[in-house]
Amino acid sequence: MQKLTITRPDDWHLHLRDGAALKAVLPYTVRQFARAIIMPNLKPPIRSVADAAAYRDRILAAIPEGQQFEPLMTLYLTDNTSPDDILRAKESQFIKAVKYYPAGATTNSDSGVTDIQKGDRVFEAMQQVDMPLLLHGEVTDNDVDTFDREKVFIERHLIPLKQRFPNLRVVLEHITTSDAVQYVLSANTIAATITPQHLLFNRNALFKGGLCPHFYCLPILKREEHRQALLQAAISGNPKFFLGTDSAPHTRTSKESSCGCAGCFSALHALELYAEAFESVKALDKLEAFASFYGPDFYQLPRNTERITLSKTTWRIPDEVPFMESGLVPLGAGQEMTWQMV
Ligand code: DOR
Ligand code: ZN
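Residues numbered from 1 in each chain as written. Chains lettered and ligands numbered in written order. Predicted model: local features only at pLDDT ≥ 70, side-chain atom pairs only at ≥ 80, totals over all residues. Heavy atoms only, no water.

**Considering the sheet that holds strand 10 (residues 307-316)**
For the record, the criterion: What makes two strands pair is DSSP finding at least two bridges between them. Runs of E in the DSSP output that reach at least two residues are strands. Runs of H or I that reach at least four are helices, and both are numbered from the N terminus. Between N-to-C directions, angles span 0 to 180 degrees; the directions come from axes that are lines fitted to C-alpha atoms, helices contributing only their stretch in contact. Residue contacts are counted whenever heavy atoms from the two residues lie within 4.5 Å of one another.
Ordered in space as 1-10-11, the three strands form an open sheet in which the pairing is antiparallel. In this open sheet, the two strands that pair with only one neighbour each are strand 1 (3-7) and strand 11 (336-341). Ignoring which end each strand starts from, the neighbouring axes of this sheet average 30 degrees apart. Direction of pairing for strand 10 relative to strand 11: antiparallel, over a ladder of five bridges. Note on strand 11: the bridge partner recorded for S311 is Q340. Relative to the sheet, helix 11 (residues 287-299) contacts strand 1 and strand 10, its axis offset from that of strand 1 by approximately 25 degrees.

Below is the structure:
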């Protein structure tokens, strides 16, 4: 196959940041995707409808001239979020989901939830008005190994949460384990996003030839058997699994540091990365539904009608793209790719 034409996709999990960083990265996403679910982990986080409206305006203002893009906003759940905040978010129409970060789990998550049970009144309201809950599904307990944090979150928190709120629509974000795949398959009203890094790389990438901080993201890359399980889920044609890049830009210096930030930047070449992953298991025919159909179906939004084309061309992922003071290293920098969006 030399060309692959599919419905324009959407990115159901994206970090755009703010200010100059937003202006630098947004054009990459706009080039590939029609819409994206925008993560609220700014400093300070997006906690109210007013915060989300102002952030949405800044995103709209940063869209390159003449291009189309719809930011789908989210609220950041804190210990102080009220059921009333949820009702107002629902009424806003432009807030499509609420994001749960366990306090301290990842970048800018200090204001996150300290105890998931404290959120029950809010989850009740979300279930009532049918507002999806997006989960960073990791525990933060120091006695739980970093590589087990997703599995333990599912056992300790997600299974009980779904028992308390069976109709709450949940997205388990950026899944990394076969445990997550199995749980999502077994439960109702739950879906999952899958990133390009978790489809293409296992945890060896973090240590290949030395410590490689540009493969460090959270949840962290896992064993090969988990990568294989994610690939099978992504190509299964099951609408519970759809595209969410988790593209999360950090400057080169903040990643190449004694305490490097978590996040992989993939907005530059997201679709191409997914195409490589799907082709590696001879499932390119399953890419369109994963990238362009199942996400809008879950969020009850219309599918896009425009089409985009990838062509078979060899090119190399650049070592760096311009960004802030020290540049941005794309996921898989320097590696050869065989698909390119035209
Ligand atoms: O690797 C990550 N980076 N995981 C997250 O959950 C947050 C993200 C970020 O905002 O940089
Ligand atoms: Zn994220």
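**Regarding the coordination of the zinc ion (ligand 2)**
To keep it simple, the criterion reads: Only nitrogen, oxygen and sulfur atoms qualify as donors, and only when within 2.8 Å of the metal (3.2 Å in the case of Na, K and Ca); with water excluded, sites may look incomplete. Relative accessible area decides the class of each residue, using a 1.4 Å probe on protein chains only: under 20% of the type maximum gives buried, over 50% gives exposed, and in between gives partly exposed.
Looking at the zinc ion (ligand 2), one finds its protein donor set to be H13 (NE2), H15 (NE2) and D246 (OD), positioned 2.0 to 2.1 Å from the metal centre. The sequence pattern describing where the donors of the zinc ion (ligand 2) fall on their chain is H-x1-H-x230-D. The same class applies to H13 as to H15, namely buried.

**Focus: the UniProt feature "binding site: Zn(2+) 1" (unreviewed entry) in the protein**
Here is the rule we go by: UniProt positions are given in the numbering used here, feature names are shortened, and annotations may be inferred rather than shown by experiment.
Here the UniProt feature "binding site: Zn(2+) 1" (unreviewed entry) sits at H13, H15, K99 and D246. A maximum C-alpha distance of 13.2 Å among these annotated residues, which run over 234 residues, shows that they cluster at one spot. Setting aside chain neighbours within four positions, we find K99 in contact with H13, M39, P40, L75, Y76, L77, L134, L135 and H136. According to the relative accessible area criterion, D246 is buried, its value standing at 7%.

**Considerations on the pattern of salt bridges**
Heads up, the rule is: Only one rule defines a salt bridge in this text: a Lys or Arg side-chain nitrogen within 4 Å of an Asp or Glu carboxyl oxygen.
Counting across every chain of the model gives 18 salt bridges. A salt bridge links E306 to R8; its shortest N-O distance comes to 3.1 Å. Here R8 lies in the loop between strand 1 and strand 2 (11-14) and E306 lies in the loop between helix 11 and strand 10, a separation of 298 residues in the sequence. Each member of the salt-bridge network shares a partner with another, and the members are D84, D85 and R88.

**Some details on helix 4 (residues 120-129)**
Looking only at helix 4, the buried set comprises V122, F123, A125, M126, Q127 and V129. The elements touched by buried residues of helix 4 are helix 3 (83-92), strand 5 (95-100), strand 6 (133-135) and helix 5 (149-164). Taken from the residues just after helix 4, D130 is the one with a positive phi, measuring 60 degrees.

**Side note on unusual backbone geometry**
Residue K43 is joined to P44 through a cis peptide bond whose omega torsion reads -5 degrees. Here the amide bond leading from L218 into P219 is cis, since omega sits at -5 degrees, within 30 degrees of zero. Secondary-structure assignment places P219 in the loop between helix 7 (196-200) and helix 8 (224-234). The phi angle at R17 is positive, at roughly 60 degrees, despite the residue not being glycine. With relative accessibility at 13%, the residue R17 sits in the buried group. The backbone of M324 sits at a positive phi, close to 50 degrees, despite the residue not being glycine. Note that M324 resides in the loop between strand 10 and strand 11. Owing to a relative accessible area of 46%, M324 belongs among the partly exposed residues under this scheme.

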